[in-house]
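Spelled out, the chains give:
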Amino acid sequence: MKDAYFPQEIEKKWQKIWEEKDVFKTPDNSDKPKYYALSMFPYPSGKLHMGHVRNYTITDVIARFKKMNGYNVLHPMGWDSFGLPAENAAMKHGANPETWTDENIAYMTKQLKMLGLSYDWDREVTTCKPDYYKWTQWLFLQLYKKGLAYKKEAAVNWCEECGTVLANEQVIDGKCWRCDHVVEKKYLSQWFLKITDYAEVLLEDLDKLTGWGDNVKTMQANWIGKSQGAILKFKVVENGLEVPVYTTRPDTVHGITYLVVAPEYKDIEKLTTPENKEAVEAYRANARKMTEIERLSNDRVKTGVPLGTHCINPFTGEKFPLWTADYALVEYGTGAVMAVPAHDTRDFDFAKKYNLPIKVVIIPDTTKDDNGLPYCPTAFLPSLTEAYTEPGVLVNSNEFDGMNNEDAKKAITQKAVDGGFGEFKTQYRLRDWLVSRQRYWGAPIPVVYCDKCGIQPVPEDQLPVLLPKDVDFSVVGKSPITTSKTFINTTCPCCGGPARRETDTMDTFVCSSWYYLRYSDAKNDKMPFSKDKVNKWLPVDQYVGGIEHAILHLLYSRFFTKALRDLGLLDFDEPFKNLLTQGMVLKDGSKMSKSKGNTVDPDEIFENYGADTARLFILSDSPPARDFDWSDAGVEGCYKFLNRVWRLISSNADDISLAYTLPSVLKKENDDMVRLVHIAIKGITNDISNDFQFNTVISKYRELVNAIYDWRGKKTQLDEEDKAVLSFAIVSLIKLMSPVAVHLTEEVWHELGGEGSIHDVDWPEWDENLAKASSITLVVQVNGKVKDKIEADEALSEDELKALALSSEKIKELTEGKTIVKTIVVPKKLVNIVVK
RNA sequence: GCCCUGGUGGCGGAAUCGGUAGACGCGUCGGACUUAAAAUCCGGUUGGAGUUAAAUCCAGUGCCAGUUCAAGUCUGGCCCAGGGCACCA
């Protein structure tokens, strides 16, 4: 065995051998239980970044650990390869998006192999290849036939920079998620997937996801945004029309003093009197001009204009005016709001500004005010400098006076139901998912338009609808796909007459909403996947990826799984049983990014230190879920550690044998060493099993290595027993390290005469009786403070421990002349003497 | 404003059940080896008091209370940081 560690040499060698010998193939049929470990697949942007390295290393170690523990592990990889960057690169360099993408995939595949990841490459999935997007299109058609995909004219988010519409989830603070360009509203006819049909079940089933973090579940719950309330309908005095409002506060209905409709409200013209028409039109025109960001900005002063018409409150018979104001949103609820300034901060601000009346109908739930006088609404009113939004009891509310406001919500809505002017209503914030994109590099939406027959799905036997190659990427203001001479004109599948193809492609998030299913049966050319295989492998046992997909990809995938279950394509209802959201990789306290110039190129690390160092380091300093601060010194430290491991083994190689036999009775120092190995096996196994705490796993590698060095350093010559102990320690160490330092351990395994691959051996086991020190350190406290530590036999009884503690000179001194009130004994650990 | 996560040395972080706070590493300081450097090895490193040196003592896990023989850990009330949602009625 060589004296020095040459990672570059051994890593290349083993990567080649593993590939030749198909070490990481996953058989579909096996007696072992299945385990599906999955990393979020990457967009082939060009090169791997450290975030990828972290993500894939975490999943790889999990996959290898599970394999060594007797599971048949599925650990695949693929490419989320449709999307705008490829198209932009094509426009910039005059290349084809496909060529650009293929080159990137080839380069990144090489990098993934250099990292020593245990993928079954036979299951590779590439979303931009026709053999994959054929099935994306097929699934779209199944959704269409079920009424879950539909086209409608709607106000949609438009990014001028990207030249396409965006889903709500892709608009962050009013800006495009990809390019940060301000998003505008446009009225366009677009394709949607009906995710709102699943709003309730997507929310409810979050409870089933016990293997997900609360942060992600809360984000999804907030995004779905369920609220319980009522629809109340108000008759317009002037023309008899009805204006329905959605409210979560039906208990405040007696306090309505005006009503607001959004500027875009559909019936707003009918609700406006001729005298007010001009002012209302001007206000609406102004609202249209404003960007979403301006309109939603929080500190904006509220504005509005009266429409001139009035409604009657069916509860009180009171007449109140209608206004339009842009603090009412057309897309939420009914687009109209009942205003109760006394009990809503927004209405309060508005009423103050326009001098509208404020009527108190809820007061704090107490019978006396600060002066000991009974509360009354008129006394409460002058003190009202802001809306009272807390719980309380009703006043000024006829028969509901004195009722608790929570009870009143139900009672008042019930009265509206009985009177025919209202209903209970559950409202969600979630909108349908806009999936059409006016771009080239995506899966074509498989429909055609016929003047006679309307929208027609492409027959399934004509799939895939291939992307045309004869396109001009230099066009501005429209999708390159529209420049194709061969793509657009086709025949109607229904009447055979002339028809046009849909030129929009699908959001890439559609492609990525089902890729994890395809891995179970990646080469199927009859179906997206067979039901047997998908049911066998899914759900994913451990999914690992970035928190940035907390809503987007993870919500869409959950929706897809539920929809495909309802289509009968699979039998489970959640795709990802356990989710690990890894933290970001930081450098100098901020996220690695090209613009900040603080990136570290994985290639350089592989070249200078080897993949094993990179793997070890990326797992070492922080728990996986937390952000990880990259430090060059830290990399250096991990490299030194691997060298230290190498030297430990190479300098003792002649004394290590894989076929060792440990005698049952050992010398004291050898017994202690064996115990330390058992402690390490137990600790490392538990740390991996328990939330994948790889940082402590690695600190335990170091402790074990330090202990073996210490033990060895005390011996000048080794007898047979010593050699067996050394062999046991070293063999255990390399097995424990094999999921992380995949190449080094394989090399050492073979240098020591091992057969096959260390990655096929079983995970070491520990003996519970040996996984602890031979004696205990008894901690002696006086009044809860540590005062002495005594080595003791662990077999001692409580009374013996107590006696031992009291026999300590130190304790005698401290307790002298004082009364021992109480003595607490924690077996095998601690004695606390309470004195006065 | 609401929700989630977190707050421990110079730094990353460790501490199954409430039971030795600071494992392991980085950095740093000192030493060994060397003509020298690198590499390697050994030792110190929470703060304060104390001592020639040690022993030893006191304080200490964001803040304030509480429960307990014992609190980083449990309870109540705050403060701060990061993230998510938000004129959503």
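Residue indices begin from 1 for each chain and proceed along its sequence in written order. Labels are handed out in written order, letters beginning with A for the chains and numbers beginning with 1 for the ligands. Local features are withheld for residues below a pLDDT of 70 in this predicted model, meaning they are given only at 70 or higher, and side-chain atom pairs are given and counted only at 80 or more; totals for whole chains, interfaces and linings count all residues. The basis for every side-chain value is the complete set of non-hydrogen atoms in the structure, without hydrogens or water.

Enquirer: Would you mind going over the nonpolar core with me for this structure?
Expert: When a protein is soluble and globular, its nonpolar side chains tend to lie buried together. Take the buried residues of types Ala, Val, Leu, Ile, Met, Phe, Trp, Tyr and Cys, join any two whose side-chain atoms come within 4.5 Å, and each joined set is a nonpolar core. The cut-offs for exposure are 20% and 50% of the maximum accessible area for each residue type, with area from a 1.4 Å probe on protein chains only; residues under the lower value are buried, those over the upper are exposed, and the others partly exposed. Residues Trp-433, Phe-560 and Trp-630 are the most contacted members of the largest nonpolar core, which totals 182 residues. Contacts are assigned to residue pairs with any non-hydrogen atoms lying within 4.5 Å of each other. For Trp-433, the contacting residues outside a window of four places in its chain are Ala-167, Trp-191, Phe-192, Leu-193, Ile-195, Asp-507, Phe-509, Val-510, Ser-513, Tyr-556, Phe-559 and Phe-560. Ranked by size, the runner-up nonpolar core spans 50 residues in total, among them Phe-234, Ala-262, Val-305 and Ile-363.

Enquirer: Could you clarify how one ought to interpret a negative patch on the surface in this entry?
Expert: Here the term patch refers to residues with relative accessible area over 30% and no salt bridge, with like charges joined within 9 Å and nonpolar side chains (Val, Leu, Ile, Met, Phe, Trp, Tyr) within 5 Å. Each accessible area value is a Shrake-Rupley result obtained with a 1.4 Å probe; residue values ignore everything except the protein chains displayed when judging cover. By definition, a salt bridge exists where a carboxyl oxygen of Asp or Glu is found within 4 Å of a side-chain nitrogen of Lys or Arg. Only four residue types enter the charge count: Lys and Arg as positive, Asp and Glu as negative, with His and the chain ends excluded. Where a charge lies is defined by one atom per residue type, namely NZ (Lys), CZ (Arg), CG (Asp) and CD (Glu). A surface patch of negative charge is lined by Asp-588, Asp-621, Asp-627, Asp-629, Asp-632 and Glu-636. Checked against the element boundaries, Asp-621 lands in the loop between α18 (611-620) and β30 (628-630). A run of H or I in DSSP counts as a helix once it spans at least four residues, and a run of E counts as a strand once it spans at least two, with each numbered from the N terminus.

Enquirer: Even after reading the chapter, I still don't get the side chain of Asn-405, so can you show me in this structure?
Expert: Along the chain, Asn-405 turns up in helix α12 (residues 405-419). A polar atom in the side chain of Asn-405 sits 3.0 Å from the side chain of Asp-251. If we skip the residues at most four places from it in the chain, Asn-405 touches Arg-249, Asp-251, Ile-362, Pro-391, Gly-392 and Leu-394. Between N or O atoms, a polar contact is any pair within 3.5 Å; within protein, one atom must be a potential hydrogen donor and the other a potential acceptor, and residues adjacent in sequence are included only when both atoms are from side chains.

Enquirer: Which parts of the structure should I look at to understand the sheet that holds strand β22 (residues 454-457)?
Expert: Pairing between the strands of a sheet is mediated by backbone hydrogen bonds and can be parallel or antiparallel. Pairing within the open sheet is antiparallel, and its four strands lie in the order β22-β21-β24-β23. Looking along the sheet, the strands with just one partner apiece sit at the ends: β22 and β23 (489-491). When the angles between neighbouring strand axes are averaged without regard to direction, this sheet yields 40 degrees. We call two strands paired when DSSP finds no fewer than two bridges between them. The pairing of β23 with strand β24 (residues 498-501) spans three bridges and is antiparallel. Across the sheet, Thr-491 pairs through a bridge with Pro-498, a residue of β24. Axis definition: a line fitted to C-alpha atoms, limited for helices to the stretch in contact. Angles are taken between N-to-C directions and run from 0 to 180 degrees.

Enquirer: How do you make sense of the protein's contact with RNA strand B when you look at a structure like this?
Expert: A cutoff of 4 Å decides nearness: a residue is near a molecule or strand if any of its heavy atoms lies inside that distance of it. Among the 54 residues in the neighbourhood of RNA strand B, the closest are listed as Tyr-332, Arg-346, Arg-429, Glu-703 and Asn-832. For RNA strand B, the backbone makes up 64% of the atoms found within 4 Å of the protein, where backbone means sugar plus phosphate. The backbone of Leu-329 places a nitrogen or oxygen atom 2.9 Å from a base nitrogen of RNA strand B. No other element matches helix α21 (residues 694-713), which puts six residues into the surface near RNA strand B. Charged means Asp, Glu, Lys or Arg here, nonpolar means Ala, Val, Leu, Ile, Met, Phe, Trp, Tyr, Cys or Pro, and polar covers whatever is left, Gly included. Here the residues of the surface near RNA strand B sort into 16 nonpolar, 15 polar and 23 charged.

Enquirer: Would you take a moment to explain the packing of α18 against helix α19 (residues 632-650) for this structure?
Expert: For any two helices packed against each other, the geometry is given by the interaxial angle and the distance between the axes. Interhelical geometry of α18 versus α19 gives an angle of 120 degrees and a closest axis separation of 9 Å. Between α18 and α19, the interaxial angle falls into the category oblique. Crossing hand, α18 versus α19: right-handed. Between α18 and α19, the residues in contact are Asp-612, Thr-613, Leu-616, Phe-617 and Ser-620 and Gly-634, Val-635, Cys-638, Tyr-639, Phe-641 and Leu-642, respectively. Taken together, the residues that form the contact of α18 with α19 break down as seven nonpolar, three polar and one charged. Roughly parallel means an angle under 35 degrees; roughly antiparallel, over 145; roughly perpendicular, 65 to 115; everything else is oblique. Two helices cross in a left-handed way if the nearer one is turned anticlockwise from the farther one by less than a right angle. They cross in a right-handed way if the turn is clockwise.

Enquirer: I tried to follow the packing of aromatic side chains on my own but got confused; where do I start?
Expert: Two aromatic rings, drawn from Phe, Tyr or Trp (for Trp, its six-membered ring), form a pair once their centres lie within 6.5 Å of each other, and the interplanar angle then sorts them: stacked below 30 degrees, edge-to-face above 60, tilted otherwise. Counted under the stated rule, the structure contains 41 aromatic pairs. Consider the rings of Tyr-246 and Tyr-332, whose centres lie 6.2 Å apart with planes at 80 degrees: the pair is edge-to-face. Of this pair, Tyr-246 sits in strand β11 (residues 242-247) while Tyr-332 sits in the loop between β14 (319-325) and β15 (336-339), and the two are 86 residues apart along the sequence. Relative accessible area serves as the criterion here: at 9%, Tyr-246 is assigned to the buried category. Among the aromatic side chains, those forming a connected cluster through ring pairs are Trp-177, Tyr-198, Trp-433, Phe-509, Tyr-556, Phe-559 and Phe-560. Cation over ring: Lys-186 sits above Trp-158, and NZ or CZ is 4.1 Å from the ring centre. By definition here, charges over rings are those cases where NZ of Lys or CZ of Arg is within 6 Å of the ring centre and within 35 degrees of the ring normal.

Enquirer: Before we go on, may I ask you to explain the environment of Asp-207 in this structure?
Expert: With respect to the helices and strands, the residue Asp-207 is situated in the loop between α6 (199-204) and α7 (214-224). On the basis of relative accessibility, which here comes to 67%, the residue Asp-207 falls in the exposed class. The spatial distance from the C-alpha of Asp-207 to the C-alpha of Asn-168 is 24 Å, given a sequence separation of 39 residues.

Enquirer: Explain the packing of α18 against α21 here, please?
Expert: Contact geometry for α18 and α21: axes closest at 7 Å, N-to-C directions at 120 degrees. Relative to α21, the element α18 lies oblique. Along the contact surface, α18 presents Leu-616, Leu-619 and Ser-620, while α21 presents Phe-694, Asn-695, Ile-698 and Tyr-701. Split by residue class, the contact of α18 with α21 holds five nonpolar, two polar and no charged.

Enquirer: Hey, could you run me through the pairing of strand β12 (residues 258-261) in this one?
Expert: Moving residue by residue along a regular strand, the side chains alternate between the two faces of the sheet. Of the two faces of β12, the one lined by Tyr-258 and Val-260 and the one lined by Leu-259 and Val-261 are each fully buried. With four bridges connecting them, β12 and β15 associate as antiparallel partners. The residue bridging Tyr-258 from the neighbouring strand is Ala-339, located in β15. Two elements, β12 and β14, share three bridges in a ladder whose sense is parallel. Considered in β14, the bridge of Leu-259 is made with Leu-322.

Enquirer: Is there a simple way to think about the pairing of strand β9 (residues 184-193) in this case?
Expert: Where strand β5 (residues 149-159) lies against β9, ten bridges are found, and the strand directions are antiparallel. Bridge pairing links Asn-157 to Lys-185 in β9. Bridge count between β9 and strand β19 (residues 433-434): two bridges; the pairing is antiparallel. In the strand pairing of β19, Leu-193 is matched with Trp-433.

Enquirer: What is the right way to look at the pattern of salt bridges in this model?
Expert: Where charged atoms from two side chains of opposite charge approach closely, those side chains can pair. Using the criterion set out here, one finds 53 salt bridges in the structure. Lys-13 is the partner of Glu-747 in a salt bridge, and the nearest nitrogen-oxygen pair spans 2.8 Å. Residue Glu-747 is located in helix α23 (residues 742-751), and its partner Lys-13 is located in helix α1 (residues 7-20); the two are separated by 734 residues in the primary sequence. Note on Glu-747: relative accessible area 7%, which makes it buried. When the shortest N-O distance is used, the salt bridge between Asp-344 and Arg-346 registers 2.5 Å. Using a relative accessible area of 17% as the deciding quantity, one classes Asp-344 as buried. The exposure class assigned to Arg-346 is partly exposed, which follows from its relative accessible area of 45%. Salt bridges sharing common partners tie together Asp-205, Lys-208, Arg-558, Lys-562, Arg-565, Asp-566, Asp-573 and Glu-574.

Enquirer: What should I look at first to understand the environment of Asp-205 in this one?
Expert: Relative to the elements of secondary structure, Asp-205 occurs in the loop between α6 and α7. As for Asp-205 and Leu-232, which are separated by 27 residues in sequence, their C-alpha atoms are 30 Å apart. Residues in contact with Asp-205, not counting those within four places in the same chain, are Arg-558, Lys-562, Asp-573 and Glu-574.

Enquirer: Mind showing me how you'd approach unusual backbone geometry here?
Expert: Most peptide bonds take the trans configuration, and most residues that are not glycine carry a negative phi. In this structure, the amide linkage connecting Leu-463 to the following residue, Pro-464, adopts the cis form with an omega of 0 degrees. When you line up the elements, Pro-464 lands in the loop between β22 and β23. Notably, Asp-180 is not glycine yet its phi reads approximately 70 degrees, a positive angle. Given a relative accessible area of 56%, Asp-180 falls into the exposed group. At Asn-396, a position not held by glycine, the phi torsion is positive, near 55 degrees. Inspection of the secondary structure puts Asn-396 in the loop between β17 (393-394) and α12. Of the residues examined, Asn-396 reaches a relative accessible area of 38% and is grouped as partly exposed.

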